[in-house]
Amino acid sequence: MPLSKQIYVDKTLSNISLAYKATGLIADILSPRVPVMQETGLYFVYTKDSLILPETFRANGASSNESTFYMSTQSYSLHQHTLKELVTDRDRSNADPAIRLEADVTENLTEKILLRKEVDLATLCGSAANWANTTSLTSTFAWSANTTLSNPISFVDSAASSVALHAGVLPNTVALDYRTFNAAKEHISVVDRIKYTSPDSVTAPMLAKLFNVDRVLVASGIRNTGQELVYTTTADAWIWTDMAFVAYIAPSPSLRTPSAIYQLTKNEFGNPFKVKKWREEEREGDFVEVSTMYQHKVIASDAAYLIVNTCQ
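The notes below deal with the structure included here. (Residues numbered from 1 in each chain as written. Predicted model: local features only at pLDDT ≥ 70, side-chain atom pairs only at ≥ 80, totals over all residues. Heavy atoms only, no water.)

All right, on to the overall build of the protein chain then. Tallying secondary structure elements over the protein chain gives eight helices and 15 strands in all. Across the 312 residues of the protein chain, 41% fall into the buried class. Restricting the contact set of the protein chain to residue pairs at least 6 apart, pairs at least 24 apart contribute 78%. Of the roughly 17,600 Å² of accessible surface on the protein chain, 52% is carried by carbon and sulfur atoms. (Helix = DSSP H or I, 4+ residues; strand = E, 2+ residues; numbered from the N terminus. Buried < 20%, exposed > 50% of the residue type's maximum accessible area, 1.4 Å probe, protein only. Contact = heavy atoms within 4.5 Å. Areas by Shrake-Rupley, 256 points an atom, 1.4 Å probe, with all protein chains shown as cover.)

Take a look at the structure:
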């Protein structure tokens, strides 16, 4: 077992881990990071009493009516996600001078953890039990049907109205898996809206304007579901299932502001990723370990609307 002085947090590699982004992943955008001090704790949840309209009329000489607000607490519990890899002295001696093995190992481990974070968020967003408002489309209304009955704009407008009614905010984000994005941008109802104004193909920002939201996020991340270390096994799969997730995501966390999701994260030295190195003399190498602690948390279940089975 290495001595404590032989284990240290490598700030340079931690910065590499922070800067590295695997392609097609949206977890850190759709679920913005909120730093917390402890691994477990409570946060306040305000009720909708502020939306109840009390009697405000005051008769001459009478006392004013009283009004108040209520709040409760919800708990959170972060989970640590950690991976390590050994860089041997022989690996270093055989590597080309331009190769930085520790940096490559850090990026590889970080990508695997980012994939885990993406899978966790895709599972959370795609579970109807997590949201107050959901719709499962039949084949007739699936966006891939490409008919007037399956107009994506109408479905997003309806979802936005539901979020506005129940959460008091208008959605600012629509997250689509890659297949649903392709179905939406090629849909006759969408193409018809822009055919006289833009000769280009439909992009995510164009869809955002048609959906009347700030942004459309396209989740195109993939994973290999084959068994680890069995290199002949390849089973590529999309991380996100076919869905449209219509939500209000607060630009910055604040009190008394609903937001569908936050990513509660414990930071080390202002960095959500921690990279440690230590020497293993028996194995003649150095271990590089990447770790992070987070939890994707549903904050306001009525601030989102989930539409599933968009492509059939």
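There is more to say, and it comes next.
A few words on the packing of aromatic side chains. Inspection of every chain in the model, using the stated rule, returns five aromatic pairs. Judged by centre distance (6.5 Å) and plane angle (45°), the ring pair of Trp-143 and Phe-211 falls under tilted. Separated by 68 residues along the polypeptide, Trp-143 in the loop between β6 (133–136) and α5 (152–167) and Phe-211 in helix α8 (residues 204–211) bring together distant segments of the chain. Since its relative accessible area comes to 2%, Phe-211 is described here as buried. Above the ring of Phe-287, the side-chain terminus of Lys-84 is found at 4.7 Å from the ring centroid. Here the basic side chain of Lys-117 rests over the ring of Tyr-294, its NZ or CZ set 5.4 Å away from the ring centre. (Phe/Tyr/Trp six-rings, centres within 6.5 Å; stacked < 30°, edge-to-face > 60°. Lys NZ or Arg CZ within 6 Å of the ring centre and 35° of its normal.)

Attention shifts here to the environment of Tyr-76. Examined against the element boundaries, Tyr-76 turns out to sit in strand β4 (residues 71–77). Classification of Tyr-76 as buried rests on a relative accessible area of 8%. Each C-alpha atom, one on Tyr-76 and one on Gly-41, is 5.6 Å from the other, the two residues being 35 residues apart in sequence. With near-sequence residues (within four places) excluded, Tyr-76 lies in contact with Val-36, Gln-38, Glu-39, Thr-40, Gly-41, Leu-42, Tyr-43, Leu-264 and Gln-295. Reaching out from Tyr-76, the side chain makes a polar contact with the backbone oxygen of Gln-38 at a distance of 3.1 Å. (Polar contact = N/O pair within 3.5 Å; in protein donor to acceptor, adjacent residues only side chain to side chain.)

Sheets are built from strands paired through backbone hydrogen bonds, the pairs being either parallel or antiparallel. Here we have five strands laid out as an open sheet, ordered β6-β15-β11-β7-β8, and mixed in their pairing. With one partner strand each, in any of the chains shown, β6 and β8 (215–219) form the two edges of the open sheet. Adjacent strand axes in the sheet meet at a mean angle of 15°, parallel and antiparallel pairs treated alike. In this structure, strand β11 (residues 243–247) lies alongside strand β15 (residues 304–308), joined through five bridges in antiparallel fashion. What sits directly across from Val-246, in β15, is Tyr-305. (Pairing = 2+ DSSP bridges. Axes fitted to C-alpha atoms, helices over the stretch in contact; angles between N-to-C directions.)

Throughout the structure, instances matching the rule amount to 14 salt bridges. Glu-102 serves as the salt-bridge partner of Arg-92, at 2.6 Å between the closest nitrogen and oxygen. Of this pair, Arg-92 sits in helix α3 (residues 89–94) while Glu-102 sits in helix α4 (residues 101–125); the two residues are ten residues apart in sequence, bridging distant segments of the chain. Relative accessible area serves as the criterion here: at 18%, Glu-102 is assigned to the buried category. The network of salt bridges with common partners includes Asp-89, Arg-92, Glu-102, Lys-277, Arg-279, Glu-281 and Asp-286. (Salt bridge = Lys/Arg side-chain N within 4 Å of Asp/Glu carboxyl O.)

Moving on: the side chain of Ser-31. Along the chain, Ser-31 falls in the loop between α2 (27–30) and β2 (33–36). Under the relative-accessibility criterion, Ser-31 is labelled buried at 0%. Residue contacts for Ser-31: discarding those within four places in its chain leaves Ile-26, Leu-121, Ile-261, Tyr-262, Gln-263 and His-296.

We now examine a nonpolar patch on the surface. A cluster of nonpolar side chains, namely Tyr-178, Ile-222 and Trp-238, defines an oily patch on the protein surface of about 290 Å² accessible area. By secondary structure assignment, the location of Trp-238 is in strand β10 (residues 236–238). Given a relative accessible area of 36%, Trp-238 falls into the partly exposed group. (Patch = residues over 30% accessible without salt bridge, like charges linked within 9 Å, V, L, I, M, F, W, Y side chains within 5 Å.)

Right, let's get into helix α6 (residues 178–185). Listing the buried residues of α6 in full gives Thr-180, Phe-181, Ala-183, Ala-184 and Lys-185. Turning to α6, the residues buried within the fold contact α5, β7 (173–177), α7 (188–194), α8, β8 and β11. The opening residue of α6, the one whose side-chain oxygen lies 3.1 Å from the backbone nitrogen of Arg-179, is Asp-177.

So, about unusual backbone geometry. The backbone of Asn-212 sits at a positive phi, close to 60°, despite the residue not being glycine. Relative to the helices and strands, Asn-212 is located in the loop between α8 and β8. Positive phi outside glycine occurs at Asn-309, with the angle close to 60°. On the secondary structure map, Asn-309 appears in the segment after β15. The exposure class assigned to Asn-309 is partly exposed, which follows from its relative accessible area of 31%.

Let's shift gears to α5. Over its 16 residues, α5 extends 22 Å from the first C-alpha to the last, a length consistent with the 22 Å expected when each residue adds 1.5 Å. The residue sitting at the N-terminus of α5 and contributing the capping side-chain oxygen is Asn-151; that oxygen lies 3.0 Å from the backbone nitrogen of Ile-153. Count one or two residues on from α5 and you reach Gly-168, which has phi positive near 80°. (Expected span 1.5 Å × (residues − 1).)

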